[in-house]
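Geometric and topological summary
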Amino acid sequence: MPSIPLAIDTRGIERVYKAKPRPITALAGVDLRVEPGEFFGLLGPNGAGKTTLIKILTTLLLPTAGTAHVFGFDVERETKRIRRIMNIVSGGEQSGYGLLLVREQLWMFSQFYGLGAREGWRRVDELIEAVGLQDQRLQKVSSLSTGQRQKMNMARGLLNDPWILFLDEPTLGLDVSAARAVRTLIREWKGAVVGRTVLLTSHYMAEVEELCDRLAIVDRGRIVAIGTPADLKRRIQRDSIFRLELDRLDGGASSLSGLPGVLKAVTASDGSSTSGGARQRTAVKLVLADDNALGPVVTALGQRGSQIVSLEKSEPTLEEVFVQLVGRSFADDSEDGGSDTDGRGSSSGTDGAMADPSAPPPPTAATERMTEDAPLAATGLPER
Amino acid sequence: MTGLTPSFDLGRTEGRGLRETFRGYLTAARIGWAVEANWADPILFFTYSVAKPIAAALILVVMLDIVSGGQAPAYRRYVVTGVALWSFVQGGFAGLAMSVLEDRERYRMLKYVYVSPTTFAVALLGRGTARVAIGGMGALTTLAFGALVLGMPVDPARVDVLLFVASMALGLVAIIALGLGMAAVVLQTRQDSWSYPEAVAGAMFLLVGAVFPLAVLPGPVQAIGLVLPLTWWMEGVRRSLFPGGVSAVGGPGSLFTELTGREAPDTPALLLALLGTTLLVTLAAAVAFRVSEHRAKDRGLIDQTSGS
Ligand SMILES: Nc1ncnc2c1ncn2[C@@H]1O[C@H](COP(=O)(O)OP(=O)(O)O)[C@@H](O)[C@H]1O
Ligand SMILES: [Mg+2]
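Residues numbered from 1 in each chain as written. Chains lettered and ligands numbered in written order. Predicted model: local features only at pLDDT ≥ 70, side-chain atom pairs only at ≥ 80, totals over all residues. Heavy atoms only, no water.

**Structural notes on the overall build of chain B**
This is how it is decided: Where helices and strands are cited, they refer to DSSP runs of H or I of at least four residues and of E of at least two residues respectively, numbered from the N terminus. Note that the radius of gyration is over C-alpha atoms, with the globule rule given as 2.2 Å times the number of residues to the power 0.38. Only protein chains enter the accessibility calculation, which uses a 1.4 Å probe; a residue is then buried when its area is under 20% of its type maximum, exposed when over 50%, and partly exposed in between.
Secondary structure assignment for chain B yields eleven helices and zero strands. Listing every helix and strand of chain B by position from the N terminus yields α-α-α-α-α-α-α-α-α-α-α. Compactness check: chain B gives a C-alpha radius of gyration of 22 Å against a globular reference of 19 Å for 308 residues, within 12% of the reference. Dimensions along the principal axes, computed over C-alpha positions, put chain B at roughly 85 × 45 × 40 Å. Of all 308 residues assigned to chain B, the portion counted as buried reaches 52%.

Rendered as structure tokens:
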């Protein structure tokens, strides 16, 4: 078997929109290579150019300069071939022919993909089950909730069993549980057959972190960093930050500041250092020059009679990666990012809490499954 | 989870030729039939597709009777056939163009149709076909109304079947081609273009002799009418159903008579003119659509919505 070409291969992709006061450069030279089988994320703030790149790759938009190939096929000249092996699902839109039944609309799209009539019904019913719309299958599309519509849209996106699925902010505008269901569905579909490729864009960091093997951080039409989430976190320079909870701390946090290797020691905001309570605990945030400075601190605390109740190292977040690389906060200008280390602010510090209400929960909480078995494996039908 | 590895069989990227094209066309027609006909709301559907042309025919006939004192039965037939046939234009021309706007702005499905392997133009032709079929129901009902209520029965013995079939076939091709051309135009618009197709249809209504002969129009305007295949289509269908009726094209004061010295085109000339103008319009629409599609893809208009 000949070697499989890259799932995505773009070279110097530029895209300029003709706009009123002056042209807008949405993409300013993007080189991106994604291997078959990868779950790849494009993370970037609104307006970064994510949708523009996806539109070019899905044959909806022409690039101004550069070349792009999907599984070796040119996006400008071999559109038909690409369309047979890819699909796209966008979020944040209410799409669908309201008058059609869910099952009908999906079947009609299966016909656009050249499935036989009966094969189409079979595939549609499988996918309806996989996305959890059994109870809505004979309802009008217009009667679906936003979350159900997006599940239907996902089913449409899987009709042709694509080699590569493009997901443009697929959970945008969904409530927490619908967003989780969609993420679970994506993960299960991807996992059911080795070699399936996903390109997902998002401005929810936790979503990208939860789903993607590798990601590119995009800003103002450029890729500013690319790698696995762990790579990217490792890449940024950062002091070691620890959070300690102590049964008591005589002299307060500042008494630790003088210890060797301690750059800063502050009372952590969420610690219950309230006066009056019989049992007081003190949480301290320590910024150390490096991890090795922790030992002397622990020794010193022991000498002062402070018991360590808990100790955890705080990991850098993708947010911090973004701030370091781009020099400004991710969440537009509206939020002043959590740069406070004085411990007085809200609970959002460097612990990665995100303002976005529809952001997914941390990975540990997201292990619940939408269905017990994996219906999506069944849709990995052998290809003809 | 054990998985099958996709075989990455490149054969899957190849099309299945005409069969695939035809399947895409039929599917689009089915979507059109289900979506546009609005079967879920029969009253609304009836109002738009059936009652509207009948009402229009009735109004015009009454006006005509008042003006002529009931002395113009030939014009009655002329007007009623014109209004009936116009249902096809309403569907296949304005409706086809509207489906681009509806899919893009209202259903937000245009991009998903676009990125499927079915050729975009083929999908639109399917939608247009459905609209034409819906229009055909309006046309039939209006003609039936004319026959039963307005006393203008079609005499089966005198119908020129060959002329009827040829005119209808060419005419429907022309209508859909014009619709595709209109779709090419609205594809370029960003918003507020919902009224364009109806407006252009309205203008054509006056140019193609739907309810009055071209002769009443100024010469240069008549020339536009003579280049539009709809004029010849209507002329052909009218003549096939009601032989010896009023000609839309010729007659005193008409550009046609002035140029050819004939009272009205004979049937072969009529068919030739219909064929020629249909070919011209089809070619022009195909070119316009190609250019428009490329430009839309260049400007990011395929999934453009008024909101963003
Ligand atoms: N059709 C368009 N016409 C003009 N400007 C556009 C168009 N589409 C996107 N843009 C602009 O291009 C930039 C990138 O947009 P987009 O690709 O949608 O970013 P993202 O998906 O990352 O939010 C933005 O500044 C946006 O305003
Ligand atoms: Mg976007």
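**Quick word on the interface of chain A and chain B**
Stated formally: Working rule for contacts: check all heavy atoms of both residues, and any pair within 4.5 Å makes them a contact. Two parts lose some accessible area (1.4 Å probe) when they are put together, and adding that loss for both gives the buried area. For this analysis, a salt bridge means a side-chain nitrogen from Lys or Arg found within 4 Å of a carboxyl oxygen belonging to Asp or Glu. By the criterion applied in these results, polar contacts are pairs of N or O atoms within 3.5 Å in which, for protein atoms, one can donate a hydrogen and the other can accept it, and in which residues neighboring in sequence qualify only through two side-chain atoms.
Contact residues are listed per partner, giving 62 residues for chain A and 47 residues for chain B. Both sides together, the interface formed by chain A and chain B hides about 5100 Å², and carbon and sulfur atoms give 60% of it. Together, R84, Y97 and F112 of chain A form the three largest contributors to the area buried by chain A at its contact with chain B, with a combined 17%. Counting every contact that joins chain A to chain B gives five salt bridges. E14 of chain B serves as the salt-bridge partner of R81 of chain A, at 3.6 Å between the closest nitrogen and oxygen. Seen at the junction of chain A and chain B, the total is 20 residue pairs in polar contact (both at pLDDT 80 or more). For the side of chain A that touches chain B, the secondary-structure elements that each account for two or more residues are β1 (8–17), α2 (79–85), β6 (86–90), α3 (102–112), α5 (146–158) and α6 (176–192) of chain A.

**Concerning empty space enclosed by the protein**
Note the threshold: Cavities and pockets were defined on a 1 Å grid built over protein atoms only: a cavity is a set of grid points that admits a 1.4 Å probe from which the probe cannot escape, a pocket is an open set flanked by protein on both sides within 12 Å along at least five of seven lines, and lining residues are those with an atom within 4 Å of any such point. Grid points are joined across faces, edges and corners, and a volume is the space filled by probe spheres set on the points. Gly is put with the polar residues, along with every residue not named as nonpolar or charged; the nonpolar set is Ala, Val, Leu, Ile, Met, Phe, Trp, Tyr, Cys and Pro, and the charged set is Asp, Glu, Lys and Arg.
On inspection of all chains with the given rule, the structure shows two cavities of 30 Å³ or more. What the largest cavity holds in volume is close to 80 Å³. Forming the boundary of the largest cavity are Y97 and F112 of chain A together with A28, I31, S99, D103, L110, V113, F120, A123, L124 and R127 of chain B. Those elements that provide at least two residues to the lining of the largest cavity are α1 (17–36), α3 (73–106), α4 (110–114) and α5 (120–148) of chain B. A per-class count over the lining of the largest cavity returns nine nonpolar, one polar and two charged. Counted by class, the lining of the second largest cavity contains no nonpolar, one polar and four charged residues.

**Section: the packing of aromatic side chains**
Selection criterion: Each aromatic pair joins two rings of Phe, Tyr and Trp (for Trp, the six-membered one) with centres within 6.5 Å, and gets the label stacked for planes under 30 degrees apart, edge-to-face for over 60, and tilted for any other angle.
Here the structure, examined in full by the defined rule, presents 13 aromatic pairs over all chains. With a centroid separation of 5.0 Å and 10° between ring planes, the pair formed by W107 of chain A and W121 of chain A is classed as stacked. A residue pair is termed long-range when its members are at least 10 positions apart, and W107 of chain A in helix α3 and W121 of chain A in helix α4 (residues 117–131) qualify at 14 residues. Its relative accessible area of 5% is what places W107 of chain A among the buried residues. A residue is classified by how much of its surface remains accessible, and W121 of chain A, at 27% relative accessible area, is partly exposed. Measuring from centroid to centroid gives 5.7 Å for F120 of chain B and F289 of chain B, while their planes differ by 40°, and the two rings are tilted. Of this pair, F120 of chain B sits in helix α5 while F289 of chain B sits in helix α11 (residues 267–299); the two residues are 169 residues apart in sequence, bridging distant segments of the chain. Cluster of aromatic residues (ring-pair linked, three or more members): F71 and W163 of chain A together with F8 of chain B.

**Let's talk about the nonpolar core**
This is how the line gets drawn: Each nonpolar core is a collection of buried residues, namely Ala, Val, Leu, Ile, Met, Phe, Trp, Tyr and Cys, held together in the definition by side-chain atoms within 4.5 Å.
In terms of nonpolar packing, the biggest core is built from 163 residues, with F166 of chain A together with W86 and W233 of chain B touching the most fellow members. Counting residues per element, this core draws most heavily on α3 of chain B, at 14 residues. In this structure F166 of chain A touches I8, I54, L57, T58, V70, M86, N87, I88, V89 and L199 of chain A, once residues within four positions along its chain are discounted.

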